[in-house]
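Listed below, chain by chain, are the residues.
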Amino acid sequence: MRECTDFYALPELAHLPKTRASEAIDEFAVTGRYAHTTEELLIGARIAWRNHARCVGRKHWRTLKLIDARNAVTAEQLAQACWEHLRVATNGGALQSVITIGPRPLPDGREYRILSPQLVRYAGYRNADGTVTGDPAHVELTETVTRLGWRGEGTRFDILPLLISTPDEPLRWFDVPRELVLEVPITHPDHKWFASLGLKWHAVPAVSNMDLEIGGLTYPCAPFSGWYVSTEVGARNFSDTDRYDMLPQIAAKLRLDTSSNRTLWQDRALVELNRAVIHSYRQAGVIMVDHHTVAEQFIDFVEREKSAGRTCPTDWSWINPPMSASLTPTFHRLYDAPDLDVRPNFVTRRPATGCPVTGSRGA
């Protein structure tokens, strides 16, 4: 009840008739349910982004676009809404921030969910010797969809199907239409051999395994996307030892001394890999922001929020980049919003009973 009341007290909704808030609150008090208008849904989703303590890109929260898919009742309809999401978000490389919001849980609690952690993910195949071909983060998801009948090609960058759960259907998977997945081949501005590594990554990071909570209501099917910070791809996806683990190969190509950590070979390889990622996205005409620029944008966002009389919930460990953090302005300050769990917000999904895939937010 408090969250419902607080939502309608937001300044962004001040133009609504006073009767609208009282009607919603009365209905919520009696049934535990009410329906947002499309305008309320968009405003709530934008504020959820503004409130999300782990996002460094919140300066652009007002640009979020909405695809209202609350009338979807089948997995096929939800998949079609996701394909529209990728069309709108990709925009030929001039990426747009988009959220697609599916139906609310049924009165008996059964939910519509996308079980894939993002709309576009790469498969991970477990080999007999314990190694993984592809993305180790998605071995479990790969094995789940394989048991359901999907067959990948076995490469390092097979696009996984979208896995969708609905109240009245068996678990279903849908191949992501290839024409909707813009991918960027990774090359280096100085080293021609970099292309021989065969790296690529997709353009749109569309997180699909978090719940959206607005005004006391939960939307468990609400994929949202913006654009990548370069270090998400270069310093995490390609570099983490439990992901693609490319630093040893790059160090060998650079002929670095890897005999000791003290040679800083990992640091040097990491910088060149991230140079390649930034260069490649720029060459492909795909929006991506580097960690220095996004940190400056975030500080500007914090100051604007302060001028508007709002604090800025901030998880310090998430808004600082995974490389050269002390060179960015976000590193050298603390933030005056101790409550990180405000609403509206995107929240970590609670486990679903019997769900075969948990997934992670990932990058």
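Just so we're clear, the structure is a prediction, and the values are computed from it rather than from any experiment.

A. Structural context of the overall build of the chain. Scanning the chain for helices and strands turns up ten helices and 14 strands. Here the C-alpha radius of gyration of the chain, 21 Å, is about what a compact globule of 363 residues would show, namely 21 Å. Taking the principal axes of the C-alpha coordinates as reference, the chain spans close to 70 × 50 × 35 Å. A total of 363 residues make up the chain; the buried ones form 52% of that total. Of the accessible surface of the chain, which amounts to about 16800 Å², a share of 51% is contributed by carbon and sulfur atoms. When the 41 positive and 43 negative side-chain charges of the chain are each reduced to one mean point, those points stand 3 Å apart.

B. A look at the sheet that holds strand β14 (residues 345–348). One open sheet accounts for three strands, arranged β12-β11-β14; its pairing is antiparallel. Of all strands in the sheet, those with a lone pairing partner are β12 (217–219) and β14, marking the two edges. Between one strand and the next, the sheet's axes are offset by a mean angle of 35°, whatever the strand orientation.

C. Structural context of the pairing of strand β11 (residues 210–214). Judged by how many residues are buried, β11 sits mostly within the fold: five of five residues are covered. Side chains Met210, Leu212 and Ile214 project from β11 onto one buried face, and the interleaved Asp211 and Glu213 project onto a second face that is buried too. In this structure, β11 lies alongside β14, joined through four bridges in antiparallel fashion. Pairing of Glu213 across the sheet is with Asn345, part of β14. Sheet topology places β11 next to β12; three bridges connect them, and they run antiparallel. Within the sheet, the bridge partner assigned to Leu212 lies in β12 and is Tyr219. Hairpin geometry of β11 and β12 is characterised by an intervening segment of two residues between the two adjacent antiparallel strands and by a positive phi of about 55° at Gly215.

Calculation rules
Residues numbered from 1 in each chain as written. Predicted model: local features only at pLDDT ≥ 70, side-chain atom pairs only at ≥ 80, totals over all residues. Heavy atoms only, no water. Helix = DSSP H or I, 4+ residues; strand = E, 2+ residues; numbered from the N terminus. Rg over C-alpha atoms; globule rule 2.2 N^0.38 Å. Buried < 20%, exposed > 50% of the residue type's maximum accessible area, 1.4 Å probe, protein only. Areas by Shrake-Rupley, 256 points an atom, 1.4 Å probe, with all protein chains shown as cover. Lys, Arg positive; Asp, Glu negative; His and termini not counted. Charge placed at Lys NZ, Arg CZ, Asp CG, Glu CD. Pairing = 2+ DSSP bridges. Axes fitted to C-alpha atoms, helices over the stretch in contact; angles between N-to-C directions.

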